[in-house]
Amino acid sequence: MVKVGVLGSGAVAKALGSGLIKSGHEVMLGTRDVSKLADWKTNNGNSASVGSFEDAAKFGDLLILAVQGNIAAEVIEAAGPQHFNHKTVIDPTNPIAKESPQDGVLKFFTKDESLIEILQARFPEVHFVKAFNSVGSGQMYMPSFKEGKPSMFICGNNTAAKAQVNEILDKFGWEVEDMGKAIAGRAIEPLCMLWCIPGFLNNQWSHAFKLLKA
Ligand SMILES: NC(=O)c1ccc[n+]([C@@H]2O[C@H](COP(=O)([O-])OP(=O)(O)OC[C@H]3O[C@@H](n4cnc5c(N)ncnc54)[C@H](OP(=O)(O)O)[C@@H]3O)[C@@H](O)[C@H]2O)c1
């Protein structure tokens, strides 16, 4: 059992938090406004708690940064980077810009670098692992597809941190595809754009990627 601190109160924080509790972990969700998580706490039993961003960062031996991409670094600064140092931090964030999608294609605020690289450079002692960024929150835990397990593309600079995330992904029902160091975020983050296009164009939101191998 690992204590997990999830920074966030949105669909991703709730889905991953609930999945982790079902997998036997204790989970604290962090937010600026705990009242919005009252139902989540009630519905998830004794292993669920809520607090501030700082409370969640302190609580977790493993952390999840489930906040809007544009303020991800600020949330770490506000919660106290010392509570993140040397911990595995699952990073499902996407660098989605404020502008509306164009013909179903999201706009990113990043240019040549990915968000995980920006976060990794700003907080070098944190073991970020990109995961869960290119699937909808409804499919994050025990995704169900007739074609079998979908692929989760991950990346990060720390091998032990990726092994820890690998274990969680395996329990959650994913086939893990490790794409290497944080620089691979440049390829993994845009998968979110691709994933969203059928949603914006045709209101289809229930799909996931699978890497087929001969
Ligand atoms: N939704 C999905 O299905 C999905 C799938 C894959 C990846 N993602 C990515 O996962 C991340 C979380 O997505 P989400 O849809 O669950 O939630 P979201 O709406 O993108 O983010 C909600 C969280 O961001 C925090 N936040 C927003 N503005 C803030 C500010 N100015 N200062 C501090 N905190 C702020 C909120 O804090 P409070 O709790 O205090 O309000 C809340 O916890 C995003 O980066 C998203 O791109 C989403």
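Here goes a summary of the coordinates provided.

Conventions and cut-offs
Per chain, residue numbering runs from 1 following the sequence as it is written. Reporting of local features is limited, given that this is a predicted model, to residues whose pLDDT is at least 70; pairs of side-chain atoms are given and counted only at 80 or more, and all residues count toward the totals for whole chains, interfaces and linings. Hydrogens and water are ignored here; the side-chain numbers use all heavy atoms of the structure. Strands are runs of DSSP state E lasting at least 2 residues, helices are runs of H or I lasting at least 4, and numbering of each runs from the N terminus. Definition of a polar contact: a pair of N or O atoms within 3.5 Å, with one able to donate and the other able to accept a hydrogen when the atoms are protein atoms, and with sequence-neighbouring residues admitted only if both atoms are side-chain atoms. Two residues qualify as a contact provided that any one of their heavy atoms is within 4.5 Å of a heavy atom in the partner residue. Here a Phe, Tyr or Trp ring, Trp counted by its six-membered ring, pairs with any other such ring whose centre lies within 6.5 Å, and the pair is stacked when the planes are under 30 degrees apart, edge-to-face when over 60, and tilted otherwise. Throughout, exposure labels follow a simple rule: accessible area from a 1.4 Å probe, protein chains only, divided by the maximum for the residue type, with under 20% read as buried, over 50% as exposed, and the rest as partly exposed. Charge-over-ring placement is defined geometrically: NZ (Lys) or CZ (Arg) within 6 Å of the ring centre, and within 35 degrees of the ring normal. Strand pairing is assigned whenever DSSP detects at least two bridges linking the two strands. Fitted lines through C-alpha atoms serve as axes, helices being fitted only where they are in contact, and the angles separating the N-to-C directions of these axes extend from 0 to 180 degrees.

## Focus on the side chain of Ser23
Inspection of the secondary structure puts Ser23 in the loop between helix 1 (11–22) and strand 2 (26–30). Within the local environment of Ser23, its side chain forms a polar contact with the backbone oxygen of Gly19, the two atoms lying 2.9 Å apart. Once you skip the residues sitting within four places of it in the chain, Ser23 turns out to touch Tyr141, Lys171 and Phe172.

## What to know about the packing of aromatic side chains
Applying the stated criterion across every chain, the model contains four aromatic pairs. Relative to Trp205, the ring of Phe200 has its centre 5.4 Å away and its plane inclined at 85°; by these criteria the two rings are edge-to-face. Residue Trp205 is classed as partly exposed on the basis of its relative accessible area, which comes to 36%. Three or more aromatic residues link up through ring pairs in this structure, and these residues are Phe132, Tyr141 and Phe172. Sitting over the face of the ring of Phe59, Lys3 holds its NZ or CZ atom 4.9 Å from the ring centroid.

## Focus: the sheet that holds strand 1 (residues 3–7)
One open sheet holds the six strands; their spatial order is 3-2-1-4-5-6, and the pairing between them is parallel. The outermost strands of the open sheet, each flanked by one partner alone, are strand 3 (48–51) and strand 6 (127–130). Each strand axis lies, on average, 25° off the axis of its neighbour in the sheet, ignoring direction. Of the pairings in the sheet, the one linking strand 4 (residues 62–65) to strand 5 (residues 88–91) comprises three bridges and is parallel in character. Note on strand 5: the bridge partner recorded for Leu62 is Thr88.

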